[in-house]
Amino acid sequence: MNKARHVLGISGGKDSAALAIYLFQKYPQLQVDYYTCDTGKEMDETYELLDRLESYLGKKFTVLKAAENSPEASFDHFLKMYGGYLPSSNARWCTKKLKLEPFEKYIGNDPVISYVGIRADEDREGYISHKQTVQSIFPFRKNIWSEELMTKFLSNANLDLAQSLLSEVSIGRKRAPFERLLVKRLESGFNQKAKLEQLLNLGVKDFNQLVFRFLKTTSYPLSLEEDFPLLENEEELILKDIYGLLTSSGVGIPAYYNKVTFETEIGQGQYARSRSGCFFCFFQQKIEWVWLLEQHTQRFLKAMEYEDEKAGFTWNQNESLRELMQPERIKAIKEEYISRRTDNKQSPYLLDILGDEESEGCAACFI
């Protein structure tokens, strides 16, 4: 019987790197293929992290490049194709062309289990492939399954099937409460989220075994596996655990997350980069653009070269980088950043608020 491929995309960010370490340490029996999408516009620190991670895992990553036969970097190739139109939150052609399409070409029509490094302290699903041959697993969460799978498993149409599958799982004295919950219909006041949480609270391992039995009745890639070690996983990993894995393994935290102190008339602040991805990513906050200008000036100037103010092609909707780099504007951005953190009574350190900072973006690039 054919088995599914197990893959993990390494973006150069902290979460995907930590997930690779986590799976390597806890589930060494998994044969995971690692890949990374290279746009040619990553930070140097990203490539340094990839090198250290390869060394730690003892395995080379497959490097995926869009337009691999082009003499230009992948991003530059497609920028010309799009007539100089820069990607934005409303037109994410960079994610589609440079990340998703190379990934789907890489896996072809193989059944694939894709591991995603979204943490337990995040409320998002990330990139889910539309290919029916790809199944996403979230090892850092109490619920390792995708929302799509949970919608099918917990639907009112599958109540009888779920009840019958319960007889195949050995759960002892918890059988009665499990059965009561399984046959309870979703309705106003008792939605899927509530039902899922109550089932998980009865027993994560037991619930996972039940879902695995359900998968055997489907065409999901995991239906091809005789067993799956993550069924026994009950851990929930949050931000501090991610840094712990990176530090204790010796791989280390990507250098662009290191906090840098700056001074303003209203006080002291600290900034850093909050995500991996291209150095000119349009999801960067204004304070991150200032960080890029002051810490990696040549990168900032290169990003500015891509802008065409006359055509309205700028990285930020209401402001060009030429305008942003003016001294008075930099001063205002820094002071507004400090004031916002003070008003919200949050830590001024980017690393302490990454959960909030990463609430938008493309998981294919940033996890």
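Use the structure listed above.
Residue positions are counted from 1 within each chain, in the order its sequence is given. In keeping with the model being predicted, local features are shown solely for residues with a pLDDT of at least 70 and side-chain atom pairs are shown and tallied solely at 80 or more, while totals for entire chains, interfaces and linings include all residues. The side-chain values count all of the structure's non-hydrogen atoms but skip hydrogen atoms and water molecules.

**Some remarks on the overall build of the chain**
Line of reasoning, step 1. The helix and strand labels rest on DSSP assignments: H or I over at least four residues marks a helix, E over at least two residues marks a strand, and numbering proceeds from the N terminus. A tally of regular secondary structure across the chain gives 16 helices and 7 strands.
Line of reasoning, step 2. We take the radius of gyration over the C-alpha atoms and set the globule estimate at 2.2 Å times the residue count to the 0.38 power. Computed over its C-alpha atoms, the radius of gyration of the chain comes to 23 Å, within 12% of the 21 Å expected for a compact globule of 367 residues.
Line of reasoning, step 3. The burial tally for the chain puts 51% of its 367 residues in the buried class.
Line of reasoning, step 4. Working rule for contacts: check all heavy atoms of both residues, and any pair within 4.5 Å makes them a contact. Considering only intrachain contacts with a sequence separation of at least 6, the fraction spanning at least 24 residues in the chain is 67%.
Line of reasoning, step 5. Roughly 17,000 Å² of accessible area belongs to the chain as shown, and the carbon and sulfur atoms make up 47% of that amount.
Line of reasoning, step 6. The charge count treats Lys and Arg as positive and Asp and Glu as negative. His and the chain ends do not count. We put the charge of a Lys on NZ, of an Arg on CZ, of an Asp on CG and of a Glu on CD. Treating the 47 positive side-chain charges of the chain as one cloud and the 54 negative ones as another, the clouds have centres 3 Å apart. For the exposure calls, accessible area comes from a 1.4 Å probe over protein chains only, and a residue counts as buried if that area is under 20% of its type's maximum, exposed if over 50%, partly exposed in between. Residue burial considers only the protein chains on display, and all accessible areas are found by Shrake-Rupley using a 1.4 Å probe.

**Here we look at the pairing of strand S7 (residues 267–271)**
Line of reasoning, step 1. At least two DSSP bridges between two strands are needed for those strands to be called paired. Bridge count between strand S6 (residues 260–264) and S7: 5 bridges; the pairing is antiparallel. Looking at S7, one finds that Thr264 is bridged to Gly267.

**Looking at the packing of aromatic side chains**
Line of reasoning, step 1. Pairing of aromatic rings covers Phe, Tyr and Trp, the last through its six-membered ring, and needs centres within 6.5 Å; plane angles under 30 degrees mean stacked, over 60 mean edge-to-face, and all others mean tilted. This model, assessed by the stated rule, comprises 22 aromatic pairs.
Line of reasoning, step 2. Note on Phe153 and Phe207: the rings are 5.9 Å apart at their centroids and 65° apart in plane angle, and the pair reads as edge-to-face. On the criterion of sequence distance, the pair formed by Phe153 in helix H5 (residues 147–153) and Phe207 in helix H9 (residues 204–215) is long-range, its members being 54 residues apart. One exposure class covers both Phe153 and Phe207, and it is buried.
Line of reasoning, step 3. A centroid spacing of 5.1 Å and a plane angle of 55° characterise the contact between Phe153 and Phe214, whose relative ring orientation is tilted. One end of the pair, Phe153, is in helix H5; the other, Phe214, is in helix H9, with 61 residues separating them in the sequence.
Line of reasoning, step 4. Given a relative accessible area of 2%, Phe153 falls into the buried group.

**Looking at H9**
Line of reasoning, step 1. Taking 1.5 Å of rise per residue, 12 residues should cover 16 Å, and H9 covers 16 Å from first to last C-alpha, within 8% of that figure.
Line of reasoning, step 2. Counting buried positions along H9 gives 9 out of 12 residues, so the element sits mostly inside the fold.
Line of reasoning, step 3. When we look at burial in H9, the residues that qualify are Val204, Asp206, Phe207, Asn208, Leu210, Val211, Phe212, Phe214 and Leu215.
Line of reasoning, step 4. The inward-facing, buried residues of H9 abut strand S5 (134–137), H5, helix H6 (159–166), helix H7 (175–182) and helix H8 (192–202). By this rule, a helix spans an expected 1.5 Å times one less than how many residues it contains.

**What to know about the pattern of salt bridges**
Line of reasoning, step 1. Salt bridges are identified by distance alone: a Lys or Arg side-chain nitrogen within 4 Å of an Asp or Glu carboxyl oxygen. A complete count under the given rule lists 29 salt bridges for this structure.
Line of reasoning, step 2. Salt-bridge contacts for Asp121 lead to Arg119; the nearest nitrogen and oxygen are separated by 2.8 Å.
Line of reasoning, step 3. A relative accessible area of 39% places Asp121 in the partly exposed class.
Line of reasoning, step 4. Residue Lys205 pairs with Glu232 through a salt bridge whose shortest N-O separation is 3.7 Å. In this pair, Lys205 sits in helix H9 while Glu232 sits in the loop between H9 and helix H10 (239–249), placing the two residues 27 residues apart along the sequence.

**Quick word on the sheet that holds strand S3 (residues 62–64)**
Line of reasoning, step 1. Read across the sheet, 5 strands follow the order S3-S2-S1-S4-S5 without closing on themselves; strand pairing throughout is parallel. Either end of the sheet is taken by a strand with one partner, and the two such strands are S3 and S5. Each strand axis lies, on average, 30° off the axis of its neighbour in the sheet, ignoring direction.
Line of reasoning, step 2. For strand S1 (residues 5–9) and strand S4 (residues 112–115), the ladder comprises 4 bridges, and the chain directions are parallel. Residue pairing for S4: His6 is matched across the bridge by Ile113. Between N-to-C directions, angles span 0 to 180 degrees; the directions come from axes that are lines fitted to C-alpha atoms, helices contributing only their stretch in contact.

**Details of the packing of helix H11 (residues 286–295) against helix H14 (residues 327–343)**
Line of reasoning, step 1. Direction vectors running N to C along H11 and H14 enclose 130°, while the axes themselves pass 9 Å from each other. Put simply, H11 runs oblique to H14. Handedness of the H11/H14 crossing: left-handed. For the pair formed by H11 and H14, the contact residues are Lys286, Ile287, Val290, Leu293 and Glu294 on the first element and Arg329, Ile330, Ile333, Lys334 and Tyr337 on the second.
Line of reasoning, step 2. When grouped by side-chain class, the residues that make up the contact of H11 with H14 number 6 nonpolar, no polar and 4 charged. When describing relative orientation, an angle under 35 degrees is termed roughly parallel and one over 145 degrees roughly antiparallel, while 65 to 115 degrees is termed roughly perpendicular and anything else oblique. By convention, the crossing between two helices is left-handed when the near helix turns anticlockwise from the far helix through less than a right angle, and right-handed when the turn is clockwise. Just so you know the grouping, Ala, Val, Leu, Ile, Met, Phe, Trp, Tyr, Cys and Pro go in nonpolar, Asp, Glu, Lys and Arg go in charged, and all remaining residues, Gly too, go in polar.

**Focus on unusual backbone geometry**
Line of reasoning, step 1. Even without being glycine, Ala67 reaches a positive phi, approximately 50°.
Line of reasoning, step 2. Within the secondary structure layout, Ala67 lies in the loop between S3 and helix H3 (74–81).
Line of reasoning, step 3. Since its relative accessible area comes to 24%, Ala67 is described here as partly exposed.

**Digging into the side chain of Ser70**
Line of reasoning, step 1. By secondary structure assignment, the location of Ser70 is in the loop between S3 and H3.
Line of reasoning, step 2. One polar contact links Ser70 to His77, side chain to side chain, over a distance of 3.1 Å. Between N or O atoms, a polar contact is any pair within 3.5 Å; within protein, one atom must be a potential hydrogen donor and the other a potential acceptor, and residues adjacent in sequence are included only when both atoms are from side chains.

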